[in-house]
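# Close look at the chain arrangement
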Amino acid sequence: MKKIFFFLYMLTFLSCSLDDDGTQIDPPNFNVLGLWDLSEVIINPPQDLNEDGTSSENLFDELECLSGELLIDGDLQWSLEQTNLSVTTITGGQFNIQCNGMVSANGTWFSDENEVIFEDNPEFSALQIENGRLILNTNEDLPGFQRFVYVLRQ
């Protein structure tokens, strides 16, 4: 009899959900788990930093020192290690952009089908999920950046 009572008690307890107060909390989108590599840093206007005669909007075409890794784990923690970029205005729409060490950040995350929200870091707050990529749209012209794109490491 005690086993039946315990079973009914557990069934009742487990049937209570997170939406008892009228709001439902969806589980996170675990499809974003993994190690993501920075693959694009898009700028405007395009620059020819490596002086090969071709200006590019993607700094990966211009700077060999550029790298970045974003780890999103199943414990709802994230960490980022990425090249710090320093931008100096020259003249006539030209800029000097150099790698200046590494920056690190970490915190907690949550996601839905459209974006990943990173807490504990206002500069790196939300990345859009688009076609299997994570995109931080900043939409700033130089000395700012248009966007940062991350791809899942295979």
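Residue numbers run consecutively from 1 along every chain, following the written order of its sequence. Local features are withheld for residues below a pLDDT of 70 in this predicted model, meaning they are given only at 70 or higher, and side-chain atom pairs are given and counted only at 80 or more; totals for whole chains, interfaces and linings count all residues. Side-chain figures throughout are based on the complete set of non-hydrogen atoms in the structure, without hydrogens or water.

Another point: the overall build of the chain. Check the secondary structure of the chain and you find 1 helix and 9 strands. Relative accessible area decides the class of each residue, using a 1.4 Å probe on protein chains only: under 20% of the type maximum gives buried, over 50% gives exposed, and in between gives partly exposed. Out of the 154 residues belonging to the chain, those deemed buried represent 29%. Across the chain, every contact between residues at least 6 apart in sequence was considered, and the portion connecting residues at least 24 apart equals 49%. Using the Shrake-Rupley algorithm and a 1.4 Å probe, accessible areas are obtained, with residue cover drawn only from the displayed protein chains. Carbon and sulfur atoms provide 52% of the accessible area of the chain, an area that totals close to 9,900 Å². Secondary structure is summarised from DSSP: a helix means a run of H or I of at least four residues, a strand means a run of E of at least two, and numbering begins at the N terminus for each. Residues count as neighbours in contact if any of their non-hydrogen atoms are within 4.5 Å of one another.

What follows is about the state of the cysteines. Cysteine sulfur atoms are paired as a disulfide whenever they fall within 2.5 Å. Enumeration according to the criterion identifies 1 disulfide in this entry. In this model Cys65 forms its disulfide with Cys99; the gap between the sulfur atoms is 1.8 Å. Its torsion about the S-S bond being 80 degrees, the disulfide of Cys65 and Cys99 is classed as right-handed. Within this pair, whereas Cys65 is found in the loop between strand 2 (56–58) and strand 3 (68–72), its partner Cys99 is found in strand 5 (residues 95–111), the two being separated by 34 residues in sequence.

So, on to the nonpolar core. Only buried residues count toward a nonpolar core. Its members are Ala, Val, Leu, Ile, Met, Phe, Trp, Tyr and Cys residues joined through side-chain atoms within 4.5 Å. Counting 27 residues, the largest nonpolar core has Leu59, Leu70, Phe118, Phe124, Leu134 and Tyr150 as the members making the most contacts within it. Looking at this core, the elements with two or more residues in it are strand 1 (34–47), strand 3, strand 4 (77–89), strand 5, strand 6 (115–118), strand 8 (133–137) and strand 9 (147–152).

Another point: unusual backbone geometry. Peptide bonds are mostly trans, and most non-glycine residues show a negative phi. Cis geometry marks the peptide bond from Asn44 to Pro45, where omega comes out at 5 degrees. The residue after Leu142, namely Pro143, is reached through a cis peptide bond having omega 15 degrees. Mapped onto the elements of the fold, Pro143 is located in the loop between strand 8 and strand 9. Positive phi is not limited to glycine here, since Leu76 has a value of about 65 degrees. Positive phi values are uncommon outside glycine, yet Asn139 reaches one of about 55 degrees. Mapped onto the secondary structure, Asn139 falls in the loop between strand 8 and strand 9.

With that settled, the discussion passes to the packing of aromatic side chains. Only the six-membered ring of Trp is used, alongside the rings of Phe and Tyr, when aromatic pairs are assigned; centres must lie within 6.5 Å, and planes under 30 degrees apart are stacked while those over 60 apart are edge-to-face, with the rest tilted. All told, the structure shown has 6 aromatic pairs when counted by the stated rule. Each ring, one from Trp78 and one from Phe124, has its centre 5.4 Å from the other, and the planes form 35 degrees; the classification is tilted. Placement of Trp78 in strand 4 and of Phe124 in the loop between strand 6 and strand 7 (126–130) is noted, with a sequence separation of 46 residues between them. According to the relative accessible area criterion, Trp78 is buried, its value standing at 2%. With relative accessibility at 5%, the residue Phe124 sits in the buried group. Ring geometry for Phe118 against Phe124: centres 4.9 Å apart, planes inclined by 45 degrees, an arrangement best described as tilted.

This part takes up the confidence of the model for the chain. As a per-residue measure, pLDDT reflects the predictor's confidence and takes values from 0 up to 100. Across the chain, the average pLDDT comes to 87, with 84% of residues at or above 70. Ignoring residues within four places in sequence, the model shows residues 1–19, a span with pLDDT below 50, making 3 contacts including any to other chains.

Here we take up the pairing of strand 4. Regular strands show a simple pattern: their side chains alternate between the two faces of the sheet. By definition, two strands form a pair when at least two bridges between them are found by DSSP. Here strand 3 pairs with strand 4 via 5 bridges, running antiparallel. Counterpart to Leu70 in the pairing with strand 4 is Leu80. Taking the residues between adjacent antiparallel strands as the criterion, strand 4 and strand 5 are bridged by 5 residues, where Gly92 takes a positive phi near 55 degrees.

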